[in-house]
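Chains, contacts and geometry: an overview
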Amino acid sequence: MAKHETPMLDQLETGPWPSFVSDLKQEAASRAKNENNIEYQIPQDVVEDLIGIMELSYEHGRTHWKHGGIVGVFGYGGGVIGRYCDQPEKFPGVAHFHTMRVSQPAGKFYTTKYLESICELWERRGSGVTNMHGSTGDIIFLGTTTPQLEEVFYELTHNLNQDLGGSGSNLRTPSDCIGQARCEYACFDTQALCHDLTNEYQDELHRPAFPYKFKFKFDGCPNCCVASIARADLSFIGTWRDDIRIDQEAVQAYIGGEIMPNANAHSGRDWGAFDIEKEVIGLCPTNCMWMDGKELKIDNRECTRCMHCINVMPRALRIGNDRGCSILAGAKAPILDGAQMGSLIVPFIKVEEPYDEIKEKVIEPIWDWWMEEGKNRERLGELMKRQGFQRLLEATGFDPDPRMVQEPRTNPYIFWKEDEVPGGFERDINEFRKYHQR
Amino acid sequence: MDYEEAKDLVVAGLTKKLKNKSKFYFNDLAKLIGEKPRAAKKYVNQMVVEGVLEYWSSGSTSMYGLCGTGKQAGAEHEE
Ligand code: SF4
Ligand code: SF4
């Protein structure tokens, strides 16, 4: 028998998709049975009460979680998010229901042993409910009590060699695509850079001193599997400077139907014979491809590295050899003020250990500027909008570049600064009078 | 400035405002200390370690308060 009646949640289970409600019920039942004789350190019926308070929230059309809290582990200002419910008498199991963010490994590579260990830990010291993964990328542990926080942290760091992730006005846990470990499109080693910066900026990750959150994300190529361009304050996107490598024989094999396009990803339905004109050349956003007899040609100077042709014909077209990344700044996907895509700040930079150029010329000057000028709760992208892209260029010392221009300007005024004008704003009146009468 | 001076400035500044609010942004602290954010951060970290300040977090934003003065202390059955 379920502890609480939940007609509204039950209804959610009737849809076509896997349901989190079913998952929660399964976990609640498993905790009630406790077949593995776990010594639960928080209420055994925590998940029952979670389901119960959720039903109540649906009934009332309002949340029963309080806003934030003063919890954390000693010395860390992030990684733990306090959650208290405002109906503790009715649902004592979730009176405290704090979230812990656990820093995911670069590329999210796990061994089953590791996954078993963290699940065992969370079953014992938490609710057993996890979110793999949160939108920042972390492993999210949902729901434990205040006394368990230090215990979980101790076990994570001492037994599992595992740290907490970022939350609040911190550097958030950097996150990356799977990169060169498995993907032939990767133009730089996303995992190496992600891991290095995570270690380098531990203080920023754990001790909040930024105006608001700050995210790094690393995509090995413009396919942007972690969507860095849409949500990271600093996105690192792999690219190349030279030419797309073409294997003309393979091009013919695609045309002749011997190799299936898109690595056969669309084989579930008959789309007819592959048509290179229609499916590749005609869809190139910059019109920089054509057939010259039996040869596929690309005007690489016009190519924007959109990846379309490479995705369709991966065996015929490959990323260039002179590789690095582009860096974009200011993306965000928040509720306030609307979503914003990143703006190009570094068109191309080599990605080489120890990444000093990236740290000293890009990341740190941008942080200095934002920490001094950013208003409370202002993301980098909002500061860029408020003070202008030019200020970002001044802060970083980069020269303006046509590739940073997104669209023709809409403001007809050009504002000059005194030091940009030869001779400054002072004029020699006698010189002036030579040409202009009083 | 040495640490003790910075601490006195922060404690005095926050105590004065306690009637109206108990949670402060990092920038408020940096202003009280009168140093650039990076330099101020060292002092602020130290104050947290010593238990002078404590963190408050909503999950998206972090704030600081004098230890034990936030209204959440009540929510945690400490009052
Ligand atoms: S972003 Fe590019 S390199 Fe990274 S996994 Fe996706 S396709 Fe591969
Ligand atoms: S990557 Fe995109 S822009 Fe470049 S040649 Fe291929 S389709 Fe055209």
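Since this is a predicted model, take the numbers as computed values, not measurements.

A word on the overall build of chain B. Tallying secondary structure elements over chain B gives four helices and two strands in all. Start at the N end of chain B and walk to the C end: the helices and strands fall as α-α-α-β-β-α. Restricting to contacts in chain B with at least 6 residues of sequence separation, those with at least 24 account for 44%. Total accessible area on chain B stands at roughly 4000 Å², and carbon and sulfur atoms take up 53% of it.

On to the pairing of strand E10 (residues 295-298) of chain A. All names here are of chain A. A one-sided burial pattern is seen for E10, the buried positions being Leu 296 and Ile 298 and the unburied ones Glu 295 and Lys 297. Note: strand E9 (residues 289-292) against E10, four bridges, orientation antiparallel. Note on E10: the bridge partner recorded for Trp 290 is Lys 297.

A word on the sheet that holds strand E12 (residues 323-329) of chain A. Residue and element names in this part refer to chain A. Judged by pairing direction, the sheet is mixed, and its five strands sit side by side in the order E5-E6-E7-E12-E13 without closing on themselves. The open sheet is flanked by strand E5 (175-176) and strand E13 (343-349), the only strands paired with a single partner. Bridge analysis of E12 against E13 gives four bridges, and the strand direction is antiparallel. Note that in E13 the partner of Leu 328 across the bridge is Leu 344.

All names here are of chain A. Its domain assignment divides chain A into domain 1 (7-159), domain 2 (175-240 + 325-418) and domain 3 (245-318). Taking only C-alpha atoms, the centre of domain 2 and the centre of domain 3 are 31 Å apart. The junction of domain 2 with domain 3 conceals about 660 Å² of combined surface from both sides, 56% of it contributed by carbon and sulfur atoms. In terms of surface lost to domain 3, no three residues of domain 2 exceed Tyr 185, Asn 223 and Trp 240, which account for 72% of the buried area on that side. The interface formed by domain 2 and domain 3 includes zero salt bridges. The interface formed by domain 2 and domain 3 contains three residue pairs in polar contact (both at pLDDT 80 or more). Across the side of domain 2 that touches domain 3, the residue classes break down as four nonpolar, two polar and one charged.

Here we take up the interface of chain B and chain A. Of the residues lining the interface, 25 residues belong to chain B; the matching set on chain A comes to 36 residues. Of the roughly 2700 Å² buried between chain B and chain A, counting both surfaces, carbon and sulfur atoms make up 49%. Taken together, chain B and chain A are joined by three salt bridges. Between Arg38(B) and Asp368(A) there is a salt bridge, with its nearest N and O atoms 3.0 Å apart. Secondary-structure elements contributing two or more residues to the side of chain B that touches chain A are helix H2 (26-33), helix H3 (37-49), strand E1 (53-57), strand E2 (62-66) and helix H4 (72-75) of chain B. Considering every element that reaches the side of chain B that touches chain A, the biggest residue donor is H3(B), with five residues. Considered class by class, the residues forming the side of chain B that touches chain A number nine nonpolar, 10 polar and six charged.

Calculation criteria
- Residues numbered from 1 in each chain as written.
- Chains lettered and ligands numbered in written order.
- Predicted model: local features only at pLDDT ≥ 70, side-chain atom pairs only at ≥ 80, totals over all residues.
- Heavy atoms only, no water.
- Helix = DSSP H or I, 4+ residues; strand = E, 2+ residues; numbered from the N terminus.
- Contact = heavy atoms within 4.5 Å.
- Areas by Shrake-Rupley, 256 points an atom, 1.4 Å probe, with all protein chains shown as cover.
- Buried < 20%, exposed > 50% of the residue type's maximum accessible area, 1.4 Å probe, protein only.
- Pairing = 2+ DSSP bridges.
- Domains from an automatic or database assignment.
- Buried area = accessible area lost by both parts, 1.4 Å probe.
- Salt bridge = Lys/Arg side-chain N within 4 Å of Asp/Glu carboxyl O.
- Polar contact = N/O pair within 3.5 Å; in protein donor to acceptor, adjacent residues only side chain to side chain.
- Nonpolar A, V, L, I, M, F, W, Y, C, P; charged D, E, K, R; others polar.

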